[in-house]
Amino acid sequence: YLTRFELKDEFDRIARQANSKLAAALKRTKARRSKFEQQLSSAAHSEELRKMGDQILAFAHEWKPGDLQLRYRHADADQGNDVLFDIPSDCTDVVAYATKMHRTSAKLRRSVEKVTPLLQEVEREIGFLEQLEWEINALTPESAEELTALREIQEDVDALFASF
């Protein structure tokens, strides 16, 4: 049987430990979410990259080694408006450059298929961690039952923390 003072001290100690572990887990999980979102954002440009590679291949015959731009008149462009593509100064083969763009575009499209489920899983983890955090903060050191509930939450947090 714990006195009210001992109950509050024990409750506060357990709540601090659990909140500390949850904060660390949330920080890592949110960093993973950010990384996945960044990968998806990069993949959004895959179609542009593929089209640019196609256009460079279509007009590769007009490029000469040393040219820093590939210029062509687009069929839909107004009179006198040329479309320019910047070519890296170290490029010695524009066809290889365009092929590299195609490969990069394909990798980005495939990454969407892999990253999307991972992002959804991370979102669920964040929701679970935030729910645990809310439950801890909703408890008060009023009774032994609440201390028992907090200990159960701490066990969940400890088990979860072991997986991180």
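Everything in this summary refers to the structure shown in the same document. This is a predicted model, so every value here is computed, not measured.

Conventions and cut-offs
Numbers given for residues are sequential positions, taken from 1 along each chain in its written order. Totals for whole chains, interfaces and linings use every residue, but because this is a predicted model, local features are given only for residues with pLDDT of at least 70 and side-chain atom pairs only at 80 or more, for both listing and counting. Hydrogens and waters are ignored; side-chain quantities use all the structure's heavy atoms. Secondary structure elements are defined from DSSP: runs of H or I of at least 4 residues count as helices, runs of E of at least 2 residues count as strands, and each element is numbered from the N terminus. Atoms counted for the radius of gyration: C-alpha only. Globule rule: 2.2 Å times residue count to the power 0.38. We call a residue buried when its accessible area falls under 20% of the maximum for its residue type, exposed when it is over 50%, and partly exposed in between, using a 1.4 Å probe and counting protein chains only. Contacts are assigned to residue pairs that have any heavy atoms within 4.5 Å of one another. Residues belong to a common nonpolar core when they are buried Ala, Val, Leu, Ile, Met, Phe, Trp, Tyr or Cys residues joined through side-chain atoms within 4.5 Å. Salt bridge criterion: a side-chain nitrogen from Lys or Arg within 4 Å of a carboxyl oxygen from Asp or Glu.

## Examining the overall build of the chain
Phase 1: The helix and strand tally for the chain stands at four helices and two strands.
Phase 2: Counting from the amino terminus, the chain carries its helices and strands in the arrangement α-α-β-β-α-α.
Phase 3: Taking 15 Å as the expected radius of gyration for a compact globule of 164 residues, we find that the chain reaches 28 Å, considerably beyond that expectation.
Phase 4: Projected onto its principal axes, the C-alpha coordinates of the chain cover approximately 90 × 30 × 25 Å.
Phase 5: Within the span of the chain, comprising 164 residues, buried residues form 26% of the whole.
Phase 6: Taking as baseline every contact in the chain between residues at least 6 positions apart, the subset at least 24 positions apart corresponds to 71%.

## Considering the nonpolar core
Phase 1: Residues Leu 22, Ile 136, Leu 150 and Ile 153 are the most contacted members of the largest nonpolar core, which totals 21 residues.
Phase 2: For this core, the secondary-structure elements that each account for two or more residues are helix H1 (4-43), helix H3 (94-138) and helix H4 (144-162).
Phase 3: If one sorts the elements of this core by residue count, H1 sits on top with nine residues.
Phase 4: Other than its neighbours up to four places away in sequence, Leu 150 contacts Phe 11, Ile 14, Ala 15, Ile 136 and Leu 139.
Phase 5: Membership of the second largest hydrophobic core comes to 11 residues, among which are Ala 60, Tyr 72, Val 94 and Met 101.

## Some thoughts on the side chain of Ser 46
Phase 1: Structurally, Ser 46 is set in helix H2 (residues 46-58).
Phase 2: Apart from the residues within four sequence positions on either side, Ser 46 is in contact with Ser 105, Leu 108 and Arg 109.

## A short note on the pattern of salt bridges
Phase 1: Applying the stated criterion to the full structure yields 10 salt bridges.
Phase 2: One salt bridge in this structure joins Glu 47 and Arg 50, with 2.4 Å as the shortest N-O distance. Of this pair, Glu 47 and Arg 50 both sit in helix H2, separated by three residues, roughly a single helical turn.
Phase 3: Look at the salt bridges and you will find they share partners, linking Glu 10, Arg 13 and Arg 151 into a network.

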